[in-house]
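The residues making up each chain are set out below.
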Amino acid sequence: MEKTFHIPTVAEMAAKGERPDLLFWVGCAGSFDERAQRITKSVCKILQHVGVKYAVLGTEENCTGDPAKRAGNEFLFQMQALMNIEVLNGYEITKIVTACPHCFNTIKNEYPNLGGNFEVIHHTQLIQSLITEGKLKPADGNEFRGKRITYHDPCYLGRANEVYEAPRQVLEVLDADLVELKRCRSNGLCCGAGGAQMFKEPEPGKKEVNVERMEDVIESQATIVAAACPFCMTMLRDGVKAKDKEKQIEILDIAEITVRANNM
Amino acid sequence: MMGQIIFFCLFTLAVVIFARNARRIYKNIKLGKAVDRSDRPIERLKLMLLVAFGQKKMFKKPIPALLHLFVYVGFCIINIEMLEIIIDGLFGTHRVFYSLGTFYSGLIYTFEWLAFAVLFSCIIFLVRRSALRIYRFGGRELKNWPRTDANLILIAEILLMTAFLFMNAADLKLQQLDHPVYHHAGAFPVSQFLLPLLPESAPALVALERFCWWFHIIGVLAFLNYLPVSKHLHIILAFPNTYFSKLEPKGKFDNMPTVTHEVKAMLDPSLPPPTNEVGRFGVKDVQDLTWKNLLDAYACTECGRCTAACPANITGKLLSPRKIMMDTRDRLAEVGQNIAKNGRFQEDNKSLIDSYIMREEIWACTTCNACVEACPVNIDPLEIILGLRQYAVMEESQAPTSINAMFGNLENNGAPWKYAQADRANWINQ
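On a predicted model such as this, the values are computed, not experimentally measured, just so you know. (Residues numbered from 1 in each chain as written. Chains lettered and ligands numbered in written order. Predicted model: local features only at pLDDT ≥ 70, side-chain atom pairs only at ≥ 80, totals over all residues.)

Novice: Would you explain the overall build of chain B in this entry?
Specialist: Looking only at helices and strands, chain B features 17 helices and 0 strands. Residues counted as buried form 39% of the 430 residues belonging to chain B. Contacts in chain B between residues at least 24 apart in sequence constitute 78% of all its contacts with a sequence separation of at least 6. (Helix = DSSP H or I, 4+ residues; strand = E, 2+ residues; numbered from the N terminus. Buried ≥ 20, exposed ≤ 12 C-beta atoms within 10 Å, placed from the backbone. Contact = placed C-beta atoms within 7 Å.)

If you want it as structure tokens, here you go:
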């Protein structure tokens, strides 16, 4: 993706004596995973488009420690957390948006009692509020009109933090043919990546979790699956490949859908 | 008079044994570590009323929820009748509340229909369990005793309700015969249909009525004492268990304060190192769990909604959240017995991890919280699974190889993959 705009870092702003109103926490997947980088860029485009004074931490960002904590390594988690909190507090950050539900959950729920008190929102919540404020409006002839779209609830956004409506409301304005998966909202089925599963081979079983999930998608006859988590994105894409449905089913993050629908 | 004495003895015995069992369970739960769940009492009360009393989460599956509601309401309301049975038993009266007149008739009328609803539901439940292939009634942890336990409970309830209805039918027929002891009282919308099955002679009817009366009350007292060794304890513990639920978002997992001290001392050498004795990290055995985890284990009725929602389980992995709870309870009962026998816990070379729960189970968890969400009485198997992982990692350094590699990357590169920290912002210019 060619770079058409400048993405500011907090350090760069601080050098000019400025502070961002909103910190975009990119996360490890958003920084390093090629597919997730496109989601990151989409979030930046949206922030740029609506004129929010935002910045990223760049090389000063570290993993939140979520995979360490869920894998049982509390030491490593707290090391990461305390380092990040020091950086964030150093820059006097008060409000954070992130496109990763795992980062969202950790910073929102597990940082406060370690001294990190920030207002944290997920990018789907930000987009939803921008739509409500009238700052984002899908183009009339947007490419998603009439398309059969479903939404996969990320566990750490849905069940873990009960954010079910914001991502759905973002999709509702598209004038698309929205369909729910058989297992959705609080009954949503995991993509299989959580709890550090992303970083290990699955235990012996009869099926992969993402394949089980893809069967729900196929049953829904959706042609686009809206995702809201970079790890779900990886798992769902692997699921599509495993089912040989790459031509029929596309996985897109809510941020990417928003960018395309608004012709940014 | 003889009957009254026998009744008094049986009743006292049942209450005493139940109290002893209840104390044993209470002591076992107290073996757990402290956790404060005394905050926000109003919110807790509301949650309990909604989830335990109102059975809110049951209604995710409407048909079993409705049948379960029949049994639950039947159980609660018919217990009013128990009060009358106890008074009659102790004082040798017969249907002592009959003087309440039409109100009494209304009560009996309600009990009759409820008894029928309970009977109906329990028969359907038995058929569902044994004849229909319902996913959550399968599973390797639900063989042998747990299966028998479930069937015994249903059969006991069917027998109790049958006795109750036959008792009423015999009473009605004796009333019709103007038998002196049997007051004209009550309304019998269900048991009236049993009349053709009954004997004609008054002595035979009296014998039947008495038999059913004794069968019912002895059955109830026996059932009361069956509860503590059975999964059926949920009828009592569902209430405290929902009251003491975690009120924070499900995604929040408590930070370990002892670790915070150590990490802070590591990051800032000017801080004094922690001096107080650091206990075990994570969960090796049931004593390392919190009392709420242990209460959870006793409150579990093995319905398997957690297991049926578990992504690992439904894709054929060894993990079953229900088994985590059953293992915790079984190990706790074993530890409790050990303490009762030896005065204090005597090392038995067993532990919750490895002797009960296998490593393969805990590493299959995606921490998706589906099991926690699915539980109708707010049991949290995930806390136990994560506690076991903490023990495996922090005390034993026994994580799967790829997880250890991830830890290494996190420590060195600040990311779970093998990318250099310096490259973290490369995406900005790509």
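Novice: Which parts of the structure should I look at to understand the environment of B:Pro311?
Specialist: Examined against the element boundaries, B:Pro311 turns out to sit in helix H11 (residues 311-314). Separated by 118 residues in the primary sequence, B:Pro311 and B:Asn429 have C-alpha atoms spaced 39 Å apart. Residues within four places of B:Pro311 in sequence aside, it is in contact with A:Leu189, A:Cys190, A:Gly192, A:Val209, A:Glu212, B:Thr366, B:Cys368 and B:Ala370.

Novice: Whenever I open this one, the interface of chain A and chain B confuses me. Can you help?
Specialist: Interface size is often expressed as the accessible area that is lost when the parts come together. Across the boundary between the two partners, chain A contributes 55 residues, which contact 56 residues of chain B. Counting residues per element, the ones that place at least two in the side of chain A that touches chain B are helix H2 (27-32), helix H3 (34-50), helix H4 (66-70), helix H5 (74-90), helix H6 (101-110) and helix H9 (209-220) of chain A. The element best represented in the side of chain A that touches chain B is H5(A), accounting for 7 residues. Residue classes in the side of chain A that touches chain B are distributed as 20 nonpolar, 20 polar and 15 charged. (Nonpolar A, V, L, I, M, F, W, Y, C, P; charged D, E, K, R; others polar.)

Novice: Would you mind going over helix H7 (residues 123-132) of chain A with me for this structure?
Specialist: Side chains that are three or four residues apart share a direction in an α-helix, a result of its 3.6 residues per turn. Residue and element names in this part refer to chain A. H7 sits mainly inside the fold: 7 of its 10 residues count as buried. Listed in full, the buried residues belonging to H7 are His123, Thr124, Gln125, Leu126, Ile127, Gln128 and Leu130. Residues of H7 that are buried make contact with H3, strand S3 (95-98), strand S4 (119-122), helix H8 (165-172) and helix H11 (254-261). Phi for glycine 134, located one or two positions after H7, is positive at around 80 degrees.

Novice: What am I meant to see in the sheet that holds strand S7 (residues 224-227) of chain A here?
Specialist: Note on sheets: strands pair through backbone hydrogen bonds, and any given pair is parallel or antiparallel. Residue and element names in this part refer to chain A. Spatially, S6-S5-S7-S8 is the arrangement adopted by the 4 strands of the open sheet, whose pairing is parallel. Of all the strands in the sheet, the pair left with one neighbour each is strand S6 (177-179) and strand S8 (250-253). Along the sheet, successive strands turn relative to each other by an average axial angle of 30 degrees, direction set aside. Inspection of the sheet shows S7 paired to S8 by 4 bridges, in the parallel sense. Paired with alanine 226 across the two strands is leucine 252, which belongs to S8. Across the sheet, helix H10 (residues 230-242) is in contact with S7 and S8; its angle to S8 comes to roughly 170 degrees. (Pairing = 2+ DSSP bridges. Axes fitted to C-alpha atoms, helices over the stretch in contact; angles between N-to-C directions.)

Novice: Explain the domain arrangement of chain B here, please?
Specialist: All names here are of chain B. Parsing chain B into structural domains produces domain 1 (2-30 + 61-243) and domain 2 (257-415). Using only C-alpha atoms to locate each centre, domain 1 and domain 2 end up separated by 39 Å. Listed by partner, the interface residues are 22 residues for domain 1 and 23 residues for domain 2. Elements represented by at least two residues in the side of domain 1 that touches domain 2 include exactly helix H1 (2-29) and helix H7 (234-243). (Domains from an automatic or database assignment.)

Novice: I keep staring at the sheet that holds S3(A) and nothing clicks. Help me out?
Specialist: Residue and element names in this part refer to chain A. One open sheet accounts for 4 strands, arranged S2-S1-S3-S4; its pairing is parallel. Since the sheet does not close on itself, it has two edges, and those belong to strand S2 (54-56) and S4, each with one partner. Neighbouring strand axes in the sheet, compared pairwise and without regard to direction, differ in orientation by 30 degrees on average. Of the pairings in the sheet, the one linking S3 to S4 comprises 4 bridges and is parallel in character. The residue of S4 that forms the bridge with isoleucine 96 is valine 120. Most of the contacts of H7 go to S4, to which it runs at about 85 degrees, and overall it touches S3 and S4.

Novice: Can you help me understand the environment of A:Ser42 in this one?
Specialist: Residue and element names in this part refer to chain A. With respect to the helices and strands, the residue serine 42 is situated in helix H3. Under the C-beta neighbour-count criterion, serine 42 is labelled buried, with 24 such atoms within 10 Å. For the pair formed by serine 42 and isoleucine 257, sequence separation is 215 residues and the distance between their alpha carbons is 8.9 Å. Excluding residues that lie within four positions of it along the chain, serine 42 makes contacts with Asp253, Ala255, Glu256 and Val259.

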